[in-house]
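# Understanding the architecture of this molecule
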Amino acid sequence: MTDVNGLSIAILGGTGDQGKGLARRFALAGHPVLIGSRSAQRAHDAAGSIGSGATGGENADVAARAGLVIVAVPYEGHKALLESLRAELAGKIVVDCVNPLGFDKQGAYALPVEEGSAAQQAAAVLPDSRVVAAFHHVSAVVLMDPAVDKVDLDVLVLGDDREATDTVQALAEVIPGVRGVYGGRLRNAHQIEALTANIISVNRRYKAHAGLRITDI
Ligand SMILES: NC(=O)c1ccc[n+]([C@@H]2O[C@H](COP(=O)([O-])OP(=O)(O)OC[C@H]3O[C@@H](n4cnc5c(N)ncnc54)[C@H](OP(=O)(O)O)[C@@H]3O)[C@@H](O)[C@H]2O)c1
């Protein structure tokens, strides 16, 4: 297993539910965590609410300072934000957890993405970064819940750079209960992102925060 001890993690859009949830778990595991936002003040406030040494700053600032960067913004703002951070993200592992979803009376559904998926869009926009797709199915509610000691799910990790996917699998596993599982190349990220719509349907029907487990490995 790759050693991720001490790896600093920036989270773009870290003031949102998903960003704060991941930040909380990584900070609890002892990682330096940098919350990113379009507003330094919102980032500082979010970092303060997380505690465990988390700090905050504008997205560009935290992206430049961290060893690994997680993208946790809504799909609508995804492409423009990454285009604006090309220089800061060059050479880094960029972990995309963005689910391009629409919602109507029937519930959630997958949106078409010109590049194939949000993760492939990130790779297209960031040719000098090592883009990995992961953390699509983990519930922010569960990550934030202090009563949940162990998060019961596998995190599927996709990418074209073996060293980068190994790193992100190891990072997923610093969250107690989580297993990081390689899930294929980036060209298969669309199904993983789209599957979130099905998980949302499961959650609504069963009033749950469902996670996935892969068997026989
Ligand atoms: N929530 C979940 O359980 C969950 C689970 C798995 C994956 N995800 C994915 O994670 C991402 C974030 O989810 P979320 O629920 O945390 O979303 P969110 O709360 O709506 O947004 C997260 C943060 O993104 C920033 N943001 C909003 N619009 C933006 C724009 N146009 N450009 C740049 N930044 C913008 C905001 O931060 P500032 O205003 O401070 O900049 C906001 O606090 C989504 O793509 C979602 O599909 C969510």
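Residues numbered from 1 in each chain as written. Predicted model: local features only at pLDDT ≥ 70, side-chain atom pairs only at ≥ 80, totals over all residues. Heavy atoms only, no water.

Looking up the protein chain in an unreviewed UniProt entry gives the name NADPH-dependent F420 reductase, with the organism given as Nonomuraea marmarensis.

### Comments concerning the overall build of the protein chain
Looking only at helices and strands, one finds nine helices and ten strands in the protein chain. Taken against the 2.2 N^0.38 rule, which gives 17 Å for 217 residues, the C-alpha radius of gyration of the protein chain at 16 Å falls within 12% of a compact globule. When its C-alpha atoms are laid out on the principal axes, the protein chain stretches across 40 × 40 × 40 Å. Counting all 217 residues of the protein chain, 51% fall into the buried class. For the protein chain, restricting intrachain contacts to residue pairs at least 6 apart in sequence, the fraction spanning at least 24 positions comes to 71%. Summed over its atoms, the accessible surface of the protein chain is roughly 10,100 Å², and 50% of this surface lies on carbon and sulfur atoms. Charged side chains of the protein chain number 20 positive and 24 negative; the gap between the two group centres comes to 5 Å. (Helix = DSSP H or I, 4+ residues; strand = E, 2+ residues; numbered from the N terminus. Rg over C-alpha atoms; globule rule 2.2 N^0.38 Å. Buried < 20%, exposed > 50% of the residue type's maximum accessible area, 1.4 Å probe, protein only. Contact = heavy atoms within 4.5 Å. Areas by Shrake-Rupley, 256 points an atom, 1.4 Å probe, with all protein chains shown as cover. Lys, Arg positive; Asp, Glu negative; His and termini not counted. Charge placed at Lys NZ, Arg CZ, Asp CG, Glu CD.)

### Looking at the packing of helix α4 (residues 75-84) against helix α6 (residues 118-125)
Running from amino to carboxyl end, α4 crosses α6 at an angle of 15°, the nearest separation of the two axes being 9 Å. It follows that α4 is roughly parallel to α6 by the angle criterion. Crossing of α4 over α6 shows right-handed handedness. Across the interface between the two elements, Tyr75, His78, Lys79, Leu82 and Glu83 of α4 pack against Ala118, Gln121, Ala122 and Val125 of α6. In the contact of α4 with α6, the residues fall into five nonpolar, two polar and two charged. (Axes fitted to C-alpha atoms, helices over the stretch in contact; angles between N-to-C directions. Parallel < 35°, antiparallel > 145°, perpendicular 65-115°, else oblique. Left-handed = near helix turned anticlockwise from the far one by under 90°. Nonpolar A, V, L, I, M, F, W, Y, C, P; charged D, E, K, R; others polar.)

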